[in-house]
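Spelled out from the first residue to the last, the chains are:
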Amino acid sequence: MAPGELPRKVASPALTVLLCLGLCRGLWDQAQIGTLPKPSIWADPSPMVTKGSHVTIWCQASLQADDYYLYKDRLIVPLETLNTSRDSSNKAGFSITSMSSHNVGQYQCFYQIGEIFSQPSDLLPLVMTGQHEAPSLSANPGPVVALGGNVSLSCSSSWPRGSFRLLKEQEADAPQHLEWMFRRERGQGIFHVGPVNTSHAGTYRCYISPQSYPDSWSHPSDPLHLQVIGVYKEPSLTAQPGSLVQSGDSLTLQCHSETGFDRFALTKDEELRAPQSLEGQPSPNFLLGSVNRTHGGQYRCYCGHKLSSTWSAPSAPLGVLITGMYEKPSLSAQPGTSVSWGENVTLQCRSEIWSDTFHLFKEGSLAPPQVLRPQYTAKHYQVNFILSPVTSDLEGTYRCYGSHSNSPYLLSQPSDPLELLVSVSNSQDYTMENLIRLGISALILMVLGVLLFQARHRQGRPQDAARTYTSGRHQQMGTEEQSKDTPPKEELATAWPHPLCLSVPRSQSTLHLHSRKQRGEAMTPTLTALLCLRLSLASRTQAQTGTLPRPTVWAEPGSVMPWGTSVTIWCQGGLEVQEYRLHKEGELETWDRQKPLESKDKVKFPITHMADIYAGRYRCDYLSPTGWSEPSDPLELVVVTGSQGKPSLSALPSPVVTSGGNVTLQCASQMGFHGFILMKEGERQPSWTLGSQPAPRGGTQALFPVGPVTPSLRWTFRCYGYYSNTPQVWSDPSDPLELLVSGVSGKPSLLTQQDTVVTSGQRLTLQCRSDVGYDKFALSKEGAPDLPRRLSRQTQPGLSGATFYLGLVRTSLGGRYKCYGGHNHSSEWSAPSDPLDILLAGQLPYTPSLSVQPGPMVAPGENVTLLCQSRSSVDTFLLSKEGAADPPLRLRSQYRAGQHQAEFPMSPVTSAHGGSYRCYGSASTSPYLLSHPSDPLELLVSEQHLQMMAKGTQVTRTPDSETSPLSPVCIGVRLDSHSPCGEQALAFPGLDPRDYTVENLACMGMAALILVVLGILLLEAQHSKRRTPDTARS
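Residues numbered from 1 in each chain as written. Predicted model: local features only at pLDDT ≥ 70, side-chain atom pairs only at ≥ 80, totals over all residues. Heavy atoms only, no water.

A.B. asks: Please clarify how the overall build of the chain should be interpreted in this entry.
C.D. replies: Scanning the chain for helices and strands turns up six helices and 82 strands. Counting the 1034 residues in the chain, one finds 39% classified as buried. A fraction of 65% describes how many contacts in the chain between residues 6 or more apart in sequence connect residues 24 or more apart. When the accessible area of the chain is evaluated, it comes to approximately 58,200 Å², of which 54% is carbon and sulfur surface. (Helix = DSSP H or I, 4+ residues; strand = E, 2+ residues; numbered from the N terminus. Buried < 20%, exposed > 50% of the residue type's maximum accessible area, 1.4 Å probe, protein only. Contact = heavy atoms within 4.5 Å. Areas by Shrake-Rupley, 256 points an atom, 1.4 Å probe, with all protein chains shown as cover.)

Following this line, the structure appears as structure tokens:
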């Protein structure tokens, strides 16, 4: 036998002719072929065979077969046959020694026993790999995905046309398949996976095959390991000896978790994004050895199990800070290092070199360090850490460090230690000191009383004192006039031992003090002159400060710019400006200098190509003949890079808000942003900025409260994300979210062309109608954060409205809907329509039962109860009537006698209650998803217990109903074909269909009593029989 040739068995000419004839006809002779069970077929080692490799196709029957036949691609003529002896095993192998493109295809086998053939086996696709160049496989956003998240696996190849196939290793299922997509002259297939669960974790490879040879595949791509995090509880991460490490010291990170985990992984990620891979080790201790500047950053750890791709949630981030990178700052305390309990103290950290962040650490404290941005004053960078009020907990040794924002985990050398001492002097007894103070205060009051008494005594000569004082004052000042009631100079000198002359210059409001020397004065003329000079200089300095107005800085066309666009920073000052300077925060030198334009009051600093390096905070100042002005307020220049995924923006609970109401906007992302910015359309500056918090479904989020909203403004928002080390580098903007503000104008009505209870496969259409001439309509779903659907109006005579086609019914369509009407050129909408509930039946896997008490036929005015029951767990039961316009009735279920049930009472019954009813069950977590409906129950309302109120109902009797009072009456309602009335209902004349439980129990008791009496009589009769022979003998 030649290599690569399959073993053959030549069938007899008669069998071959018959077999070919049967196959050509397209039908097997059911009398001879297909009566035996079909065999099983498989390929060893695999149905995916590398080019040139060996493979064996096995066909196995449940019985000992005479012959085995193998077919490829359903060809009429069999490719190969193999004859097996009766004493051999019940399987046959068809070997291919060297796999080639001629051997690929769909294979089937069957076997023969005597003249009878079996059914054909299932199809076995045989694929050859290695025919073409391998594609590449990547994951976006990454191969490590949070539980419940989404990921896209992208298979790319330079092959111009073909099909992409994605396979997961150690999976028996057929590979996922996606037709090729052409993008940027490279074929690319994208496989969307999500929401991710533990079954998605594993190793994936992808292949590409030409359209003309679908079973000839390329070499496999490199394996991609998809790992799922968040499956187990998060561990904790600690550092030994601590997270603040001197460069060159040894560091060990320890991952602490619950018992049972035997694999641990550590990631370093300054931006806290999802890691690109998790490489596990058996030990929870990670020895980093001698640390250097590359070890600074944020760390997280995970725990898992061997041979598994599922991991725990990440630990809380641990920041490792490396010290010794820059010169040390200095640390001092004001008012001193020893303070009393309850007082305030300020620790001032100062650096001679540029540092834009300072950190204050306390030795032995587990609390995180205090972090502050510095102020630049007098060639120093410094911050003030205020400790207020001081308690004994604040006592200890402090050190401070400086750092740069572009490398926040690299710190300077530590400052010299500062020992802060807190005295508990507040617990001492101040009784003696307080008594002394009270005594001194009393003495001062007595002296003041004596002086006051003396002054009043001297008022006996007011006129002479006034004349003397006035003439002396005119001689001294020359131009000033004094009031007549001013005391004379001698009296002023007597009352004030160290008199000072007071004057207020007209140009200033500062009070100047001029001294006059008296005998025995303690204040010397020199000291008085110095005091007056100091006050004059102070007033003159205050008059000059602030004479140069602060400049204004802005950016055109805006301060938030896409990457690569041009922007101009403008600085505007006074009219006599000689030069403008532009300063960028974090830069030691001036960013730029410009001479003023012809107008001399402003200058521009152009940026032709916006990039990350230009993002930051800017200030400007200017030089005038009197000096430099104060710097302007800061301008924050932001670049939108486009390299980071855009976040999503939604409204909670809904984007529909009543006028004057409030709403919460949720900005979320899986990219792990540290903060989010919310911007309102039409505003240049950010409306809100918030730090991020963990999102319920992984990633991070920020919740922005907005309101109260008014219809006079347009409420359209976008949000951005950013990382803390680059706060001016933003992500792409989210899709716009516009809030719909509802008012008080006439509400429309919302209708459905179907029942409110719908099933899968139906098409759902909702109509919004109004007699107000609205120009547009909007449809919103309660609790849906996405934008409402909008349509222009469709006019009808006297009516405006819109039809919303929601497509085929699916789970997401269940809910409560409202619609609104609005006018063009107005952002206000009408009041909402009454809510319309759309309920989806058949979504829960059980069917309740529906029964009626006392029975399905009642008279008007009586009471009836419909009972809905289920053995499955049900939170709420719903009762609907066929053709009714009202929504279904709802009742909470009660658990009784091993079943969940609800009773729907109808009292009193009228003809309107007649009809067909069904009941459903629902869960509280998804109230709009219902179970399968119960069987229909027909409620009949009759005036006399033999007739129905429904029009067209016929009452007939069976042939012997005239003679038998209990003959059944046949009522024209379908029941069971096996009943005496065929498909008609049963009723009995003269019987009241009410509840006779008590009467029946009484009858049964009486019958039991009669049986007991009869039994006694029977025993007595037998006993009398036995005594008769004895009597006769005697």
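A.B. asks: Can you help me understand the pairing of strand 19 (residues 224–232) in this one?
C.D. replies: Within a regular beta strand, the side chains point alternately toward one face of the sheet and then the other, so they alternate between its two faces. As defined by bridge partners, strand 12 (residues 144–146) adjoins strand 19 across three bridges and the pair is classed as parallel. Across the sheet, Val144 pairs through a bridge with Gln227, a residue of strand 19. Sheet analysis places strand 18 (residues 202–209) next to strand 19, joined by three bridges and oriented antiparallel. Note on strand 19: the bridge partner recorded for Tyr204 is Leu224. Judged from the two bridges that link them, strand 19 and strand 26 (residues 310–312) form a sheet pairing that is parallel. Across the sheet, the residue bridging to Val228 is Thr310, located in strand 26. (Pairing = 2+ DSSP bridges.)

A.B. asks: So what exactly am I meant to see when it comes to the sheet that holds strand 72 (residues 864–870) here?
C.D. replies: Two pairing modes exist for strands in a sheet, parallel and antiparallel, and in both the strands are linked by backbone hydrogen bonds. Across the sheet, four strands lie side by side as 70-72-76-75; this open sheet has antiparallel pairing. Edge positions in the sheet fall to strand 70 (849–853) and strand 75 (894–896), since each has one partner strand and no second. Neighbouring strand axes in the sheet, compared pairwise and without regard to direction, differ in orientation by 35° on average. Pairing between strand 72 and strand 76 (residues 899–906): seven bridges, direction antiparallel. Paired with Thr865 across the two strands is Pro905, which belongs to strand 76. (Axes fitted to C-alpha atoms, helices over the stretch in contact; angles between N-to-C directions.)

A.B. asks: Which parts of the structure should I look at to understand the state of the cysteines?
C.D. replies: Such a bond, covalent and formed between the sulfur atoms of two cysteines, is termed a disulfide. Applying the stated criterion across every chain yields a total of eight disulfides. There is a disulfide in this structure between Cys59 and Cys109, and the S-S distance comes to 2.1 Å. On the S-S bond that ties Cys59 to Cys109, the torsion sits near 80°, and the link is right-handed. Placement of Cys59 in strand 4 (residues 55–60) and of Cys109 in strand 8 (residues 105–113) is noted, with a sequence separation of 50 residues between them. Of the two residues, Cys59 and Cys109, neither departs from the other in class, the shared state being buried. Between the sulfur of Cys255 and that of Cys301 lies a disulfide, 2.2 Å long from S to S. (Disulfide = S-S within 2.5 Å.)

A.B. asks: Explain the packing of aromatic side chains here, please?
C.D. replies: Two measures describe an aromatic ring pair: the distance that separates the ring centres and the angle between the ring planes. Applying the stated criterion across every chain yields a total of 19 aromatic pairs. For the ring pair Tyr71 and Phe110, a centre distance of 5.5 Å and an interplane angle of 10° mean the geometry is stacked. One end of the pair, Tyr71, is in strand 5 (residues 67–72); the other, Phe110, is in strand 8, and 39 residues separate them in sequence. Judged by relative accessible area, which is 8%, Tyr71 ranks as buried. The exposure class assigned to Phe110 is buried, which follows from its relative accessible area of 3%. Taken together, the ring pairs connect Tyr69, Tyr71, Phe110 and Phe117 into an aromatic cluster. When the ring centre of Trp570 is taken as origin, the NZ or CZ atom of Lys602, which lies over that ring, is 5.0 Å away. In this structure, Lys680 is placed above the aromatic ring of Trp715, and the distance from its NZ or CZ to the ring centre is 3.8 Å. (Phe/Tyr/Trp six-rings, centres within 6.5 Å; stacked < 30°, edge-to-face > 60°. Lys NZ or Arg CZ within 6 Å of the ring centre and 35° of its normal.)

A.B. asks: Is there a simple way to think about the pattern of salt bridges in this case?
C.D. replies: Think of it this way: side chains of opposite charge can pair up when their charged atoms draw near. One pass over the full model with this rule turns up 13 salt bridges. Note that Arg373 and Glu585 form a salt bridge whose closest N and O atoms lie 2.9 Å from each other. Of this pair, Arg373 sits in the loop between strand 32 (370–372) and strand 33 (375–377) while Glu585 sits in the loop between strand 43 (579–584) and strand 44 (592–594); the two residues are 212 residues apart in sequence, bridging distant segments of the chain. Taken together, the shared-partner salt bridges in this structure form one network comprising Arg373, Glu585 and Arg617. (Salt bridge = Lys/Arg side-chain N within 4 Å of Asp/Glu carboxyl O.)

A.B. asks: Please explain the confidence of the model for the chain as it appears in this structure.
C.D. replies: Note that predicted coordinates carrying low pLDDT should not be read in detail. Taken over all residues, the pLDDT of the chain has a mean of 75, while the share at 70 or more is 74%. The low-confidence segment residues 171–185 (pLDDT under 50) makes 32 contacts with residues lying over four places distant or belonging to another chain. pLDDT under 50 marks residues 945–994. Its contacts with residues more than four places away, or in other chains, come to 85 contacts. (pLDDT = per-residue confidence, 0-100.)

A.B. asks: Explain the sheet that holds strand 40 (residues 552–556) here, please?
C.D. replies: The three strands are arranged 40-42-45 in an open sheet whose pairing can be described as antiparallel. At either margin of the open sheet sits one strand with a lone partner, and together these are strand 40 and strand 45 (602–607). Taking the axes of each pair of neighbouring strands and ignoring which way they run, one obtains an average angle of 20° across the sheet. Inspection of the sheet shows strand 42 (residues 567–572) paired to strand 45 by six bridges, in the antiparallel sense. The partner of Val567 across the bridge, within strand 45, is Ile607.

A.B. asks: I tried to follow the nonpolar core on my own but got confused; where do I start?
C.D. replies: A general feature of soluble globular proteins is that nonpolar side chains tend to end up buried together. Of all hydrophobic cores here, the largest spans 22 residues; its most connected members are Ile57, Tyr68, Tyr107 and Leu126. Dropping the residues within four chain positions of it, Leu126 is found in contact with Ala43, Pro47, Val49, Val55, Ile57, Ile96, Met99, Asn103, Val104, Gly105, Tyr107 and Asp215. Residues Val553, Val603, Met610 and Leu635 belong to the second largest nonpolar core, which totals 21 residues. (Core = buried A, V, L, I, M, F, W, Y, C linked by side-chain atoms within 4.5 Å.)

A.B. asks: I'm lost on the environment of Asn384 in this one. Help?
C.D. replies: Position of Asn384 among the secondary structure elements: in strand 34 (residues 380–387). For the pair formed by Asn384 and Gln348, sequence separation is 36 residues and the distance between their alpha carbons is 4.6 Å. Excluding residues that lie within four positions of it along the chain, Asn384 makes contacts with Thr346, Leu347, Gln348 and Leu372. There is a polar contact of 3.2 Å between the side chain of Asn384 and the side chain of Gln348. (Polar contact = N/O pair within 3.5 Å; in protein donor to acceptor, adjacent residues only side chain to side chain.)

A.B. asks: Teacher, can you tell me more about the environment of Ser742 here?
C.D. replies: Within the secondary structure layout, Ser742 lies in strand 59 (residues 740–742). Overall, the relative accessible area of 4% leaves Ser742 in the buried class. Once residues lying within four places of it in the same chain are set aside, the contact partners of Ser742 are Val657, Thr658, Ser659, Tyr820, Trp829 and Ser830.

A.B. asks: Which parts of the structure should I look at to understand a nonpolar patch on the surface?
C.D. replies: A contiguous nonpolar patch, built from Ile436, Ile440, Leu443, Ile444, Leu445, Met446, Val447, Leu448 and Leu451 and spanning about 900 Å² of accessible area, is present on the exposed surface. By the element assignment, Met446 lies in helix 2 (residues 431–458). (Patch = residues over 30% accessible without salt bridge, like charges linked within 9 Å, V, L, I, M, F, W, Y side chains within 5 Å.)

A.B. asks: Just checking my understanding: could you explain the pairing of strand 36 (residues 407–411) for this structure?
C.D. replies: The element strand 36 is largely enclosed, with a buried count of four among its five residues. The pairing of strand 35 (residues 396–404) with strand 36 spans two bridges and is classified as antiparallel. Residue His404 lies in a different strand from strand 36, and its bridge partner there is Ser407. Connecting strand 35 to the antiparallel partner strand 36 that follows it, the hairpin turn spans two residues.

A.B. asks: Just checking my understanding: could you explain the environment of Ser62 for this structure?
C.D. replies: Within the secondary structure layout, Ser62 lies in the loop between strand 4 and strand 5. In the structure, Ser62 is positioned 25 residues away from Pro37 in sequence and 7.8 Å away in space, judged by C-alpha atoms. Beyond its immediate chain neighbours, meaning those up to four positions away, Ser62 contacts Pro37, Asn90 and Tyr111.

A.B. asks: Looking at this structure, how should I read unusual backbone geometry?
C.D. replies: A negative phi holds for most residues other than glycine; trans holds for most peptide bonds. Cis peptide bonds are those with omega within 30 degrees of zero, and the linkage from Gln240 to Pro241 qualifies with 10°. If you trace the backbone, Pro241 turns up in the loop between strand 20 (236–240) and strand 21 (244–246). The omega torsion across Glu556 and Pro557 is 10°, close enough to zero to call that bond cis. Structurally, Pro557 can be placed in the loop between strand 40 and strand 41 (560–562).

A.B. asks: Sorry if this is basic, but what is going on with the side chain of Ser121 here?
C.D. replies: Of note, Ser121 is situated in the loop between strand 9 (116–118) and strand 10 (124–129). When its relative accessible area of 2% is taken as the criterion, Ser121 is described as buried. Excluding residues within four positions of it along the chain, Ser121 makes contact with Lys38, Pro39, Ile41, Gln108 and Cys109.

A.B. asks: Would you mind showing me how to read the side chain of Thr568 here?
C.D. replies: Along the chain, Thr568 turns up in strand 42. Here Thr568 is in contact with Trp554, Ala555, Glu556, Lys604, Phe605 and Pro606, once residues within four sequence places are set aside.

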